Structure formats: C-alpha cells, structure tokens
Amino acid sequence: MGTAIIPAVLRRPQLTPLGPGRDGRPLFRVDTGPQFRSRVLGGVLEIPGGGWVTDLASVPRLLPLTWFLAGGYATVPAVIHDYGTRHHAFPMIAPACFMRGIRRATLDAVFAEAMAAERDPPEAWRRWVIWSAVRAGGWTAWKRGRR
C-alpha cells in the first residue's frame, strides 16, 4: 500500500504589494508562486510566479461583517485558488503534468485543503465561512477564467 499524501505548503509565495485596484482591494504581484502538496490532486502543484497580479481573498469591503469574519486570512490558499480560477488548470511537478480542465468543485476543495493544512485561519469555523463564501460567490470569477 502506498504512502498517504499529507497536504502541506512546501514553498510560500513571494508577493510585492502594488496598492489598491480599481475597486479598492489591495493588489499584489506574485513574484514566486507557492508549492503545495495536495491529497485532492494527488501530488505537488507549483503555481508559477512571473509577475501576475492577485487580490488574494476577494472579500467585499462593503459588507463589514463579511470582512470581519473572512478578511485578511488564507494568503497562500488564495494565491493557489486565484491561479486555478483564472486558468482552470494547475501545473503539477509531482507527477510532472499540467492538469487542465479542473472542475470548480475540485478547485474549491484544494482551497479548503490548503487552508486546513496552513491552519489559516486557525479556527475551523472561520475556514468553513471562507470556503462557503467562495462556493457561493466564486462562480462569477470562474466564468471569467479561461476554458
């Protein structure tokens, strides 16, 4: 029987703050992307750097309670999720392949898995709130992503 995959962040992203975007959310340039060992995907994904821009967790600032509950958390999972949302794919280094055509449910499961592995946020209930918000509202960004 094979070794169980234990989800873990293997490399944290290097981000450069760029200031606020058009909607007021802070933007960051991804200089070096994270590596994450995923049980959901069955291997290690490596998000590229190269200067693409993310707003991390896209929590609406107009709803103060939402921001209080979910804002400022899950940086590494957000970079992973933003890349997957844009490309509907993940570059894998083990096994070496490019997973194309991932489903949104799989992407959101990897997001939840990364939050749990990082314990970011530390409270399980808060991770559930963030994951639920992504499941409920992430379809708009998903539809804008590549096919």
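Refer to the structure presented above.
On a predicted model such as this, the values are computed, not experimentally measured, just so you know. (Residues numbered from 1 in each chain as written. Predicted model: local features only at pLDDT ≥ 70, side-chain atom pairs only at ≥ 80, totals over all residues. Heavy atoms only, no water.)

J.: What is the right way to read the environment of aspartate 31 from this model?
T.: Counting through the fold element by element, aspartate 31 comes out in strand 3 (residues 26-32). You can call aspartate 31 partly exposed: its relative accessible area is 32%. In this structure the C-alpha to C-alpha distance between aspartate 31 and leucine 15, which are 16 residues apart in sequence, comes to 5.7 Å. Only 2.4 Å separates the side chain of aspartate 31 from the side chain of threonine 16, close enough to count as a polar contact. (Helix = DSSP H or I, 4+ residues; strand = E, 2+ residues; numbered from the N terminus. Buried < 20%, exposed > 50% of the residue type's maximum accessible area, 1.4 Å probe, protein only. Polar contact = N/O pair within 3.5 Å; in protein donor to acceptor, adjacent residues only side chain to side chain.)

J.: For this particular structure, what's the right way to read the nonpolar core?
T.: Among soluble globular proteins, nonpolar side chains are generally buried collectively. Core analysis: the biggest nonpolar cluster contains 22 residues, and Phe36, Leu45, Ile47, Ile80, Phe90 and Val110 have the highest contact counts within it. Elements with a contribution of two residues or more to this core: strand 3, helix 2 (75-87), strand 7 (89-94) and helix 3 (104-118). In contact with leucine 45, not counting residues within four places along its chain, are Pro34, Gln35, Phe36, Ile80, Phe90, Pro91, Met92 and Val110. In terms of nonpolar packing, the next biggest core, distinct from the first, is built from 5 residues, Ala74, Phe111, Met115 and Val134 among them. (Core = buried A, V, L, I, M, F, W, Y, C linked by side-chain atoms within 4.5 Å. Contact = heavy atoms within 4.5 Å.)

J.: Even after reading the chapter, I still don't get the pattern of salt bridges, so can you show me in this structure?
T.: If you walk through the whole model with that rule in mind, you get 6 salt bridges. In this structure, arginine 104 engages aspartate 108 in a salt bridge whose closest nitrogen and oxygen atoms are separated by 3.7 Å. Taken as a pair, arginine 104 and aspartate 108 lie in helix 3 at a separation of 4 residues, close to a single helical turn. The buried category is assigned to aspartate 108, whose relative accessible area is 1%. One salt-bridge network, held together by shared partners, links Arg104, Asp108 and Arg135. (Salt bridge = Lys/Arg side-chain N within 4 Å of Asp/Glu carboxyl O.)

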